[in-house]
There are 2 protein chains.
Amino acid sequence: MRPTVHDIAAAAGVSLATVDRVLNQRPGVRHVTREKVETAIRELGYIRDLAAANLAKGRTYPLVFILPASDNSFMHGLNAEIRQAILRSPAERTDIRTIEVPAFDPAALVSVLDELSRGKPCGIAMVATDAPEVRAIVDRLVRDGFPIVTLVSDLTGSLRHHYAGVDNIAAGRTAARLLGRFLGPRKGDVAVLAGSMVVRDHRERLEGFTSVMAEEFPDLAILPVLEGRDDPEVAHRLVADSLKNAGIVGVYSLGAGTRGLIRALKEKAVDRTLTVIAHELTVHTRAALIDHTIDAILNQDAGHEVRSAIRVLKAKADGLAVIEAQERIRLDIFLKDNLP
Amino acid sequence: MRPTVHDIAAAAGVSLATVDRVLNQRPGVRHVTREKVETAIRELGYIRDLAAANLAKGRTYPLVFILPASDNSFMHGLNAEIRQAILRSPAERTDIRTIEVPAFDPAALVSVLDELSRGKPCGIAMVATDAPEVRAIVDRLVRDGFPIVTLVSDLTGSLRHHYAGVDNIAAGRTAARLLGRFLGPRKGDVAVLAGSMVVRDHRERLEGFTSVMAEEFPDLAILPVLEGRDDPEVAHRLVADSLKNAGIVGVYSLGAGTRGLIRALKEKAVDRTLTVIAHELTVHTRAALIDHTIDAILNQDAGHEVRSAIRVLKAKADGLAVIEAQERIRLDIFLKDNLP
DNA sequence: CCAAACTTGATGTACGTAAATCAAAAAATC
DNA sequence: GATTTTTTGATTTACGTACATCAAGTTTGG
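Residues numbered from 1 in each chain as written. Chains lettered and ligands numbered in written order. Predicted model: local features only at pLDDT ≥ 70, side-chain atom pairs only at ≥ 80, totals over all residues. Heavy atoms only, no water.

Chain A is annotated in an unreviewed UniProt entry as Transcriptional regulator, LacI family of Rhizobium aethiopicum.

Pasting the structure below:
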């Protein structure tokens, strides 16, 4: 049987109350006594029973998810996953709240974080907007002891404890290699559709994409990036326009809101010899993959991201280690054959 | 606050003892009283606090993993993951034991299962060997109330509660499409290296592979399957031999023990224009992917499989639902750009 | 050396559930 | 209607931890 507080007390030759004072870093223990207890803890390999502790404390984990108010399938999916997590709250002792902030708006994000810092959430998961002032307040909150994980979009260089999202540079590189390999010996132009270059994840995908393209597929030329602002209408217009260029052999859509892209592709489908790689599995991209409008979909599993963020925040709140491999968000590659 | 047994007792107008009898299906409760209590449970939305219950019972989950005694990287990795899980046992209340059985030997597997059925494990995870007698005893154990999940290799048509592994038909199909698309307009022969056709997962991969090849890439001809028995030496000889055929443009290695394959490929590398798809990410395949000997690796995450099996077995033992999406083992596709 | 401050022990309650015991009440049997 | 059987209640202990209280002991400071 694993040792309990009673065993520690006996081994250290002190009372239960003293062990408790040491374990919960309460004052009123002489230095030498504290050392005795800590030695006993180490030697017996005592690990406190979290379940029992939480029961005694009536503990819950108040968590906050901060999301951009973007109206695209991916964000809807993310929201749905959070709602699922809320349904599991009783069993997981969580108490989850979501806050929406305007997208691409660092100031709004900062003010929400500042507001939160006056409350007592034991963990914050946020889709980060990449700006110095956001980094600053995140660092402040982390120093004040709030566990913080970034979700979907990271805030590199900040002190956030963890990033629950994919490696977007790798995603871009992967897209480039798939596109290059699928095109084989063909030469021509490649169109890139992004949401906005002010979001870090889009910038990183593009960076990865262009570097592999340059290194390994010099016969393919990347056209100037189309910024669709994750809006189907805008994307449709931009892509339709761009496709008038007869030299285009491939398309990489690295943002969300791929509906417009798909529509433009279908209109052009008559003489279609395009190879298309897109991000995020939604009902639309899924259908397009099945009917061969899209050749491959790169995806991040929103459910995994949400569950992972919750696990990590709870672990950090308890000062526990996480299972790194479990929390790594992988880049899913879907062809029409391995759709879930 | 969520309702407790006390609330149920009050609401149903009975004593705590009676509520306990109902909750733990102990005898000595009249039918009408039982109904009263069950109504109260439903109306208050009572959910028992598993942590508290496990604490009170001093419960642990004795689990058994049954693995084939195969000496290949994948099985070593699986073993390592189980050892990791054993390290987490204290926190997860599990008590994990592994049993090795000779590979490809239904009789041995049956006798181990029979032996286990006389013990009291609360869950069994097994790499299934596909045979009628195995199916029979699995069904018997399931009927006797043992939670059983198959691991890596399934036992379709049996009553096992869950399969913690990838969809191997989809894996084969995906391999075919990748190979076909990577080869593009090239025509020629494709070599297939398998472990053994008596293992279900290998058969299924081949099935998926050949069907997509036939449907969509008629210019590529599949050569007779090479059975390497997951042995590097055998595989090396077979592949080296086969590569004398100048018409080969692609290779699909669907089994384990890919070391021999890689060696054969490197020896032949001088005039290499081969496209190669292999299964399972190991140190060897990883290196080969990086140096372009292999073009893509299909992988199943052994860590995920083990953790998933444990979660599912615990949930089944407690009669709880599992999060389906979380337990789905995905087919990882690795190019050199998205290696973990 | 005495009082104030600090340190420790002893003890009890609580968290939500499981499980056991014994007595009391109700129902079923003859 | 008495007796047996079944059903129910009341109460207690336990799981491992947290936390509070009070008394007693030990150090300090002046």
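In terms of helices and strands, chain A carries 15 helices and twelve strands. Its C-alpha atoms put chain A at 85 × 40 × 35 Å along the principal axes. In chain A, which comprises 340 residues, the proportion classed as buried is 55%. Intrachain contacts of chain A at a sequence separation of at least 6 include 68% that bridge at least 24 residues. For chain A, the exposed area adds up to about 14700 Å²; of that, 54% sits on carbon and sulfur atoms. (Helix = DSSP H or I, 4+ residues; strand = E, 2+ residues; numbered from the N terminus. Buried < 20%, exposed > 50% of the residue type's maximum accessible area, 1.4 Å probe, protein only. Contact = heavy atoms within 4.5 Å. Areas by Shrake-Rupley, 256 points an atom, 1.4 Å probe, with all protein chains shown as cover.)

Further remarks concern the sheet that holds strand β2 (residues 94-101) of chain B. Residues and elements named next belong to chain B. Pairing is parallel in the open sheet, where five strands are placed in the order β2-β1-β3-β4-β5. The open sheet has two edge strands with one neighbour each: β2 and β5 (162-164). Going across the sheet, the axis of each strand differs from the next one's by a mean of 20 degrees, ignoring polarity. Inspection of the sheet shows strand β1 (residues 61-68) paired to strand β3 (residues 123-126) by four bridges, in the parallel sense. Residue phenylalanine 65 lies in a different strand from β3, and its bridge partner there is alanine 125. The strands touched by helix α7 (residues 106-117) are β1, β2 and β3; relative to β2, the strand with the most contacts, the crossing angle is about 150 degrees. Of the strands in this sheet, β1, β2, β3, β4 (148-151) and β5 touch helix α14 (residues 302-317), which is tilted by about 140 degrees from β1. (Pairing = 2+ DSSP bridges. Axes fitted to C-alpha atoms, helices over the stretch in contact; angles between N-to-C directions.)

In the region of DNA strand C, 29 residues are neighbours, and A:Ser15, A:Thr18, A:Arg30, A:Thr33 and B:Tyr46 sit closest. Contact distances for DNA strand C include 3.1 Å between a phosphate oxygen and a side-chain N or O atom of B:Arg48. Within the backbone of B:Asp49, one N or O atom sits 3.1 Å away from a phosphate oxygen of DNA strand C. In terms of residues, the surface near DNA strand C owes the most to one element, helix α4 (residues 50-57) of chain B, which gives four residues. The residue makeup of the surface near DNA strand C, split by class, is twelve nonpolar, eight polar and nine charged. (Near = heavy atom within 4 Å. Polar contact = N/O pair within 3.5 Å; in protein donor to acceptor, adjacent residues only side chain to side chain. Nonpolar A, V, L, I, M, F, W, Y, C, P; charged D, E, K, R; others polar.)

To continue, consider the layout of surface pockets. What the second largest pocket holds in volume is close to 680 Å³. Lining the second largest pocket are 25 residues, with A:Leu55, B:Arg2, B:Thr4, B:Asp49 and B:Ala52 sitting closest to its centre. If you list the elements that add at least two residues to the lining of the second largest pocket, you get α6 (89-92) of chain A together with α2 (16-23) and α4 of chain B. Grouping the amino acids of the lining of the second largest pocket by side-chain chemistry returns eleven nonpolar, six polar and eight charged. (1 Å grid on protein atoms, 1.4 Å probe; cavity = no way out; pocket = protein on both sides within 12 Å on 5 of 7 lines; lining within 4 Å. Points joined across faces, edges and corners; volume = space filled by probe spheres on them.)

What follows deals with the sheet that holds strand β4 (residues 148-151) of chain A. All names here are of chain A. Taken together, five strands build an open sheet; the order of strands is β2-β1-β3-β4-β5 and the sheet is parallel. Because the sheet does not close on itself, it has two edges, and the strands there are β2 (94-101) and β5 (162-164). Averaged over all pairs of adjacent strands, the angle between their axes in this sheet comes to 20 degrees, without regard to strand direction.

Another aspect to go through is the interface of chain A and chain B. Tallying the contact residues gives 41 residues for chain A and 41 residues for chain B. When chain A packs against chain B, the two sides together hide about 3400 Å² of surface, and 50% of this comes from carbon and sulfur. On the chain A side of the contact with chain B, A:Arg181, A:Arg330 and A:Asp337 bury the most area, a combined 21% of that side's loss. On the surface where chain A and chain B come into contact, there are twelve salt bridges. Counting the contacts that link chain A with chain B gives 14 residue pairs in polar contact (both at pLDDT 80 or more). Listing elements by their share of the side of chain A that touches chain B, those giving two or more residues are α4 (50-57), α6, α9 (168-183), α10 (200-216), α14 (302-318), α15 (324-327) and β12 (332-334) of chain A. Per-class residue counts for the side of chain A that touches chain B are 18 nonpolar, six polar and 17 charged. (Buried area = accessible area lost by both parts, 1.4 Å probe. Salt bridge = Lys/Arg side-chain N within 4 Å of Asp/Glu carboxyl O.)

Attention shifts here to the pattern of salt bridges. Residues and elements named next belong to chain A. This model, assessed by the stated rule, comprises 52 salt bridges over all chains. The salt bridge involving aspartate 114 is made with arginine 118; its shortest N-O contact spans 3.4 Å. With a relative accessible area of 25%, aspartate 114 lands in the partly exposed category. Judged by its relative accessible area of 59%, arginine 118 falls in the exposed class. Residues glutamate 267 and arginine 263 are paired through a salt bridge, measuring 3.9 Å at the closest nitrogen-oxygen approach. Separated by four residues within a single helix, glutamate 267 and arginine 263 lie in helix α12 (residues 259-267), roughly one turn from each other.

Further remarks concern the packing of aromatic side chains. Going through the model one piece at a time under the given rule, you end up with three aromatic pairs over all chains. With a centroid separation of 5.9 Å and 55 degrees between ring planes, the pair formed by A:Phe182 and B:Phe182 is classed as tilted. Note that A:Phe182 is positioned in helix α9 and B:Phe182 in helix α9 (residues 168-183), a pairing that runs across two chains. With respect to burial, A:Phe182 and B:Phe182 carry one shared label: buried. On the basis of an interplanar angle of 25 degrees and a centroid distance of 4.5 Å, the ring pair of B:Phe209 and B:Tyr252 is categorised as stacked. Highlighted residues: B:Phe209 in helix α10 (residues 200-216) and B:Tyr252 in strand β9 (residues 248-253), separated in sequence by 43 residues. With relative accessibility at 0%, the residue B:Phe209 sits in the buried group. Above the ring of B:Tyr61, the side-chain terminus of B:Lys314 is found at 5.0 Å from the ring centroid. (Phe/Tyr/Trp six-rings, centres within 6.5 Å; stacked < 30°, edge-to-face > 60°. Lys NZ or Arg CZ within 6 Å of the ring centre and 35° of its normal.)

Let's shift gears to the packing of helix α2 (residues 16-23) of chain A against helix α3 (residues 31-44) of chain A. Geometrically, a packed helix pair is captured by the angle between its two axes and the distance between the axes. Residue and element names in this part refer to chain A. Packing of α2 against α3 leaves a shortest axis separation of 10 Å and a crossing angle of 85 degrees. In this view, α2 runs roughly perpendicular relative to α3, as classed from their interaxial angle. For the pair α2 and α3, the contacting residues are Thr18, Val19, Arg21, Val22 and Leu23 in the first and Thr33, Arg34, Val37, Glu38 and Ile41 in the second. Each residue belonging to the contact of α2 with α3 can be placed in one class, and the counts come to five nonpolar, two polar and three charged. (Parallel < 35°, antiparallel > 145°, perpendicular 65-115°, else oblique.)

As a matter of local geometry, DNA strand D sits amid 28 residues, with A:Tyr46, B:Ser15, B:Thr18, B:Arg30 and B:Thr33 nearest to it. Considering the 4 Å shell around the protein, atoms of DNA strand D inside it are sugar or phosphate in 70% of instances. B:Thr18 is positioned with one of its side-chain polar atoms (N or O) 2.6 Å from a phosphate oxygen of DNA strand D. Backbone polar atom of B:Arg30 to a phosphate oxygen of DNA strand D: 2.4 Å apart, as the coordinates give it. At the level of secondary structure, the elements contributing two or more residues to the surface near DNA strand D comprise α1 (5-12), α2 and α4 of chain A together with α2 and α4 of chain B. Of the residues forming the surface near DNA strand D, the biggest block, four residues, is contributed by α4(A). Residue composition of the surface near DNA strand D, grouped by class: twelve nonpolar, eight polar and eight charged.

It is worth spelling out helix α11 (residues 232-242) of chain A at this point. Residues and elements named next belong to chain A. Where α11 is concerned, the buried positions are Ala235, His236, Val239 and Ser242. The buried side chains of α11 occupy one side of the element, clustering within an arc of 140 degrees when seen end-on. Residues Glu233 and Arg237 are exposed on α11 and point more than 90 degrees away from its buried face. Sitting at the amino-terminal end of α11 is aspartate 231, which places a side-chain oxygen 2.7 Å from the backbone nitrogen of glutamate 233. (Arc of directions from axis to C-beta.)

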